[in-house]
Amino acid sequence: MVTGPSTTPVQTGQGSGAGEFFSIIINCSNSHIVQINIGTFAHYHIITLSHQHIRTFMMQPDSPSVSAPQGQLIPINGFGTWLPHLLLALAILLVYYPVLGHEFLEGWDDQWMVMNSFTFGRSFDNIGAILTQFHHGQYSPLNQLCYTLLFRLFGANPMVFHAFPLLLHLGCTLWVFALIRKLLVQGGTPLPTAIPVAFLSALLFAVHPLQVEAVAWISASKIPLFAFCYLCGLGAYLRYLQNRKLTSWLLVCLCFVLSFGAKEQAVTFPFALLLLD
């Protein structure tokens, strides 16, 4: 939650000719300028920031020095749109790329959680069994269907199975950025302030050490899978609050069912919708 925002105008100035760039500067001249609150989201940890002073400077070569009106973002050839997403993706790749070279953990659940009879099954009866049966006390049909599909397409390739939770984690991170930015803007925070706050929140979410298990351990892939569907549902609900269309509401319900089909912690989803209201 952002409290008492105080922003300065976004400025442009002469570049050095080496190309355009984008930077974020946090003014920490006063005490307690930036406060970080960490809230648990199952095994994921969503970080929100409260602040008093955040400046965003964007430099564009060969442009006159001007000031933008308060609360407006100066576009720089789309950098304000896709640069945060690119930086978040690069951060995740830099931190987690080693997992792509790892093998299955045969003595640590992968031998029964991932490589099981459901994964190897080829008949339609197998799909019915995945949807209706427990396996070693576990019931996560959506996650198991993903394992089965990956095995049918790529075989027992550990790199592909590791890439699966890695891509899900990337999707979750982008959703965290988008949701925080949207909620801040809807709450009256100027966009030049909302973007860096959302970016820093998503960056901390992306590289926090507590995320390693969910990303690096194939058997834990149901965590980022359920979180991704959960966050998609929250995004769909925000859209529903705007347009009040039946299709948007049905999408919210679908995301809830998929999230619950990945991990039972999704039972909290209806309460999260109440918080958005």
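Residues numbered from 1 in each chain as written. Predicted model: local features only at pLDDT ≥ 70, side-chain atom pairs only at ≥ 80, totals over all residues. Heavy atoms only, no water.

Student: Any details on the overall build of the protein? Residues and values, ideally.
Tutor: Assigned secondary structure in the protein consists of eleven helices and seven strands. Burial status across the protein gives 44% buried among its 277 residues. Across the protein, the fraction of contacts at a sequence separation of at least 24, relative to all contacts at a separation of at least 6, is 74%. (Helix = DSSP H or I, 4+ residues; strand = E, 2+ residues; numbered from the N terminus. Buried < 20%, exposed > 50% of the residue type's maximum accessible area, 1.4 Å probe, protein only. Contact = heavy atoms within 4.5 Å.)

Student: Any chance you could break down the packing of helix H5 (residues 141–154) against helix H10 (residues 246–262) for me, citing the residues and the numbers?
Tutor: One can describe the packing of H5 onto H10 by two numbers: an axis separation of 5 Å at closest approach and a directional angle of 75°. Regarding the angle of H5 to H10, the classification is roughly perpendicular. Residues Pro141, Leu142 and Asn143 of H5 lie in contact with H10, whose contacting residues are Leu258, Gly261 and Ala262. In terms of residue class, the contact of H5 with H10 is made up of four nonpolar, two polar and no charged. (Axes fitted to C-alpha atoms, helices over the stretch in contact; angles between N-to-C directions. Parallel < 35°, antiparallel > 145°, perpendicular 65-115°, else oblique. Nonpolar A, V, L, I, M, F, W, Y, C, P; charged D, E, K, R; others polar.)

Student: Explain the environment of Asn116 residue by residue, including any values.
Tutor: Mapped onto the fold, Asn116 is located in the loop between helix H2 (110–113) and helix H3 (117–120). Residue Asn116 is classed as buried on the basis of its relative accessible area, which comes to 5%. Linking Asn116 and Gln144, residues 28 residues apart in sequence, is a C-alpha distance of 9.5 Å. Residues contacting Asn116, with those up to four places away along its chain left out, are His135 and Gln144. Side-chain polar atoms of Asn116 contact the side chain of Gln144, separated by 3.1 Å. (Polar contact = N/O pair within 3.5 Å; in protein donor to acceptor, adjacent residues only side chain to side chain.)

Student: So what about the packing of helix H6 (residues 158–186) against helix H7 (residues 191–207)? Which residues, and what values?
Tutor: Two measures define how a pair of helices packs: the angle their axes make with one another and the distance between the axes. Relative to each other, H6 and H7 sit at 150°, their axes nearing to 8 Å. Looking at the two axes, H6 sits roughly antiparallel to H7. The element H6 and its partner H7 pack so that their crossing is right-handed. Counted together, His169, Cys172, Thr173, Val176, Phe177, Ile180, Arg181, Leu184 and Val185 of H6 and Leu191, Ala194, Ile195, Val197, Ala198, Phe199, Ser201, Ala202, Phe205 and Ala206 of H7 form the full contact between these two elements. Counted by class, the contact of H6 with H7 contains 15 nonpolar, three polar and one charged residues. (Left-handed = near helix turned anticlockwise from the far one by under 90°.)

Function-wise, these values are silent; they only describe arrangement.
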